Amino acid sequence: MPDVSVDLVTNAVEDCKKPIVAAVEGLALGGGLEFAMGCHARIAAPRTQLGLPELSLGVIPGFGGTQRLPRLVGLSKAIEVMLSSKPIMSEEGKKLGLIDALVPSKELLKVSREWALDMAEGRKPWLRSLHRTDKIGSLSEAREVLRMARLQAKKTAPNLPQHQVCLDVIEEGIVHGGYSGVLKEAKVFKEIVLSDTSRGLVHVFLAQRATSKVPNVTDVGLKPRQVKKVAIIGGGLMGSGIATALIVNNIFVVLKEVNSEYLLKGIKTVEANVRGLANRGKMTKDKAEKALSMLKGVLDYSEFKDVDMVIEAVIENVALKQKIFSEIEKACPPHCILATNTSTIDLNLIGEKMNSQDRLIGAHFFSPAHLMPLLEIVRTQKTSPQIILDLMTVGKVIKKVPVVVGNCTGFAVNRTFFPYTQGSHLLVSLGVDAYRIDRVICNFGFPLGPFQLQDLAGYGVAFAVGQEYAKAFSDRIFKSPLLELLVKDGRNGKNNGKGYYIYEKGSKPKPDPSVLSIIEESRRLTNIMPGGKPISVTDREVLEMILFPVVNEACRVLDEGVVVRASDLDVASVLGMSFPSYRGGIVFWADMVGANHVYRSLKKWSEMYGSFYKPSKFLEERAMKGIPLSAPATSSASTKSRL
């Protein structure tokens, strides 16, 4: 292919002897906006989105955007638009000088044609963006703006090369002229598009779109039914978060609690969530008030007679959930979706005493539910395709990414990641510093390390979930006394300001030196340090000893057919567990590292430290045959598929 930015946009369009006007409507993102900037004028319809989101895919603008945008809107604004990957509206574009005129949609072509004729006849200026310098400022000012942008990008995107590369290319054009900049942009684009970062981000981008295709659900001609009213049982942290997500997207919510004190607390939490969104500029005050008017608190089932869906969000107690589902089955209309927000309990247990098990489904939100983008939809062998499709549609309406998974303890995401916490505890028991582990994991790209995450979630959750995994996967768990010792010492993480870290209002969490004696006591009780001495490991080994067991469990999830495709697990790990998106998700990353290296490392550690590290059959088979972990399972595996 020719260098599109140079041969087409610069030489053929911009340097053409005939005036060329871009008429822009709807979306002009990436190449669309770059092409328009190569034209001699831009006329846009109202509410048109303009942006250069290439950095979010690990590349840089490749049609001349790095050169023309700074010349049209000024250097600082251009850098902000490119580095944030966020679009602006044509109204703002007009103020900035990116758009020459805003006209109603029906007049767009007429005005654009007249504009071109006016240029040809000298009544309107004929400008080539690449030749302009009036908005760049002096060289020393431009260099200072770029220096500050580099420092900022180092802080906010330390592992992403495309930010620094983009700034280099912008600088080339400012120092040596637009044409030099366009040539450098074309050369660099070809290199960076092959980088691991770009491959990872593009993979997640495409994988996210693939989640909406579910065999025997989305391909059998079913039409989704509209869900207008939802009942939520339980107004705690999860229930109030789910209620928030629904009402801000125009779905009426009935929130049920056991007594008026709990109900009031739940409603107050929803109100605080909605006001928080408004204060952060995510919604207008009017929209916030409208959302809150769609919430109603109740103490019984009388309002359930016309709901389209119920979501149970009470504590993880099987008997309580069974009781609730046999009650709501009677109280709700026959078309109603009966959903549970359990994060670990097998759905077949919950539905044991129900008659209509075809309506039972898992709607597993991640905390905080109104902010986290993943919705894990759990189906049993009996769940009807219509119910699955309806819940997928609700997920999209409330701006979540729905991933359909099969039913087992922990489902796809929490099950895959249960070895993550246990692996970090095992390393601490082997003498590795807990704060070093958190640092290594953050350097890899997670927002928090495993110990700070435990502090944040609270230790009660970790206990309850740990017991479920101990029952389900007793052959490969690692039990550590550390959490019990922390609780005995009066700690409960962020909840009471004391955990592995000290939490004080207004300041960042700080490591708590007084935890070290508790960690020592835990090491003495587990007594697994070889020869009683801490093991010596590199940062890379620390990372791999925590993440390779996660890959190993992902292999079992793939082998059992818990997910439709490997890329669904990648999306779920990024959106549900904050696995760094530029590494492509857990399975994609493991394939980059190589199944053979994962397998050999686990085999070596299982001989040294026991069954927690024992490689799965699926991993061993793939490593031996040189097949990627993400390759579809063989037909024999799909016969036992949970999907």
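Parameters at a glance
The numbering scheme is per chain: residues are counted from 1 as the chain's sequence reads. Only residues with pLDDT of 70 or above have their local features reported here, since the model is predicted, and side-chain atom pairs are shown and tallied only from 80 upward, although totals for entire chains, interfaces and linings are computed over all residues. With hydrogens and water excluded, all non-hydrogen atoms of the structure serve as input to the side-chain values. Comment: elements are numbered from the N terminus, with helices defined as DSSP H or I runs of at least four residues and strands as E runs of at least two. Radius of gyration means the value over C-alpha atoms here, while the globule rule gives 2.2 Å times the residue count to the 0.38 power. Each residue gets one of three labels from its accessible area relative to the maximum for its type: buried under 20%, exposed over 50%, partly exposed in between, using a 1.4 Å probe on protein chains only. Between two residues, a contact is recorded if the distance between any of their heavy atoms is within 4.5 Å. Using a 1.4 Å probe, the Shrake-Rupley method yields the accessible areas, and only the shown protein chains count as cover for residues. UniProt positions are given in the numbering used here, feature names are shortened, and annotations may be inferred rather than shown by experiment. We treat two strands as partners when DSSP finds at least two bridges between them. Side-chain rings of Phe, Tyr and Trp (the six-membered ring for Trp) are treated as a pair once their centres are within 6.5 Å; stacked means planes under 30 degrees apart, edge-to-face means over 60, and tilted covers the remaining angles. The rule for a charge over a ring is simple: NZ of Lys or CZ of Arg within 6 Å of the ring centre, and within 35 degrees of the ring normal. In predicted models, pLDDT denotes the confidence assigned by the predictor to each residue on a 0 to 100 scale. One less than the number of residues in a helix, times 1.5 Å, gives the span that helix is expected to have. N or O atoms closer than or at 3.5 Å make up a polar contact, with two conditions inside protein: a donor-capable atom paired with an acceptor-capable one, and, for residues adjacent in sequence, both atoms drawn from side chains. We define a salt bridge as a contact between a side-chain nitrogen of Lys or Arg and a carboxyl oxygen of Asp or Glu at a distance within 4 Å.

To continue, consider the overall build of the chain. Tallying secondary structure elements over the chain gives 28 helices and 16 strands in all. Computed over the C-alpha atoms, the radius of gyration of the chain is 28 Å, within 12% of the 26 Å expected from 2.2 N^0.38 for a compact globule of 643 residues. C-alpha atoms of the chain, sized along the principal axes, occupy 85 × 65 × 55 Å. Looking at the chain residue by residue over its 643 residues, the buried ones come to 54%. In the chain, of all internal contacts separated by at least 6 residues, the share reaching a separation of at least 24 is 73%. Only carbon and sulfur atoms are counted for the fraction: they give 56% of the accessible area of the chain, which is about 28,600 Å².

Here, the residues flagged by UniProt with the feature "domain: 3-hydroxyacyl-CoA dehydrogenase NAD binding" (unreviewed entry) are residues 229-407. In the segment residues 229-407, helix accounts for 39% and strand for 21%; the C-alpha atoms at its two ends are 26 Å apart.

Taken across its 5 residues, strand S13 (residues 374-378) has 5 buried, putting it largely inside the fold. Neither face of S13 is exposed, since Leu374, Glu376 and Val378 on one face and Leu375 and Ile377 on the opposite face are all buried. Where strand S12 (residues 360-365) meets S13, 4 bridges bridge the pair, whose relative direction is antiparallel. From the neighbouring strand, glycine 362 faces S13, where its bridge partner is valine 378. With 5 bridges connecting them, S13 and strand S14 (residues 401-405) associate as parallel partners.

Position of isoleucine 546 among the secondary structure elements: in helix H23 (residues 539-559). Residue isoleucine 546 is classed as buried on the basis of its relative accessible area, which comes to 0%. Along the chain, isoleucine 546 and phenylalanine 417 lie 129 residues apart, while their C-alpha atoms are 10.0 Å from each other. Filtering out sequence-adjacent residues up to four positions away, isoleucine 546 remains in contact with Pro419, Tyr420, Gly423, Ser424, Leu427, Ile437 and Ile441.

Counted by the stated rule, this structure contains 19 aromatic pairs. Where tyrosine 469 meets phenylalanine 473, the ring centres are 6.1 Å apart and the plane angle is 20°; that geometry is what we call stacked. Taken as a pair, tyrosine 469 and phenylalanine 473 share a single burial class, namely buried. Clustering of aromatic rings is evident, with ring pairs tying together Phe417, Tyr420, Phe444, Phe446, Phe548, Phe579, Trp589, Trp605, Tyr609, Phe612 and Tyr613. Directly above the ring of tryptophan 115 sits lysine 124, whose terminal nitrogen or CZ lies 4.4 Å from the centroid. Across from the ring centre of tyrosine 301, 4.9 Å away, lies the NZ or CZ of lysine 256, which sits over that ring.

What follows concerns the confidence of the model for the chain. Taken residue by residue, the chain gives an average pLDDT of 94. The fraction at 70 or more is 98%. In the model, residues 635-640 has pLDDT below 50 throughout and makes 3 contacts with residues more than four positions away in sequence or in other chains.

With 12 residues, helix H24 (residues 566-577) extends 16 Å between its outermost C-alpha atoms, agreeing within 8% with the 16 Å of an ideal straight helix rising 1.5 Å per residue. Taking burial as the measure, the 12 residues of H24 include 11 buried ones, the bulk of the element. Where H24 is concerned, the buried positions are Ala566, Ser567, Asp568, Leu569, Asp570, Val571, Ala572, Ser573, Val574, Leu575 and Gly576. In the stretch just after H24, serine 578 is the one whose phi turns positive, near 60°.

Let us look at the environment of leucine 456. Summarising the element assignment, leucine 456 is placed in helix H19 (residues 450-457). If sequence neighbours within four positions are ignored, leucine 456 has contacts with Leu448 and Lys494.

Take the side chain of threonine 340 next. For threonine 340, the location among the structural elements is in strand S11 (residues 337-340). Its relative accessible area of 0% is what places threonine 340 among the buried residues. Here the side chain of threonine 340 touches glutamate 312 through a polar contact of 2.5 Å, side chain to side chain. With residues near it in sequence (within four places) discarded, threonine 340 still touches Glu312, Lys321, Phe325, Leu347, Ile350, Ile361, Gly362, Ala363 and His364.

This part covers the pattern of salt bridges. Summed over the entire model, instances satisfying the criterion amount to 37 salt bridges. With its nearest N and O atoms 2.5 Å apart, the salt bridge here joins lysine 296 to glutamate 303. Here lysine 296 falls in the partly exposed class, since its relative accessible area comes to 35%. It is possible to trace a salt-bridge network through shared partners that takes in Arg415, Asp475, Arg476, Glu553, Arg556 and Glu560.

Turning our eyes to something else, we now look at the environment of valine 274. Here valine 274 lies in helix H12 (residues 260-279). A relative accessible area of 0% means that valine 274 is categorised as buried. Linking valine 274 and leucine 292, residues 18 residues apart in sequence, is a C-alpha distance of 7.6 Å. Not counting chain neighbours up to four residues away, the residues in contact with valine 274 comprise Thr244, Ile247, Val248, Met283, Ala288 and Leu292.

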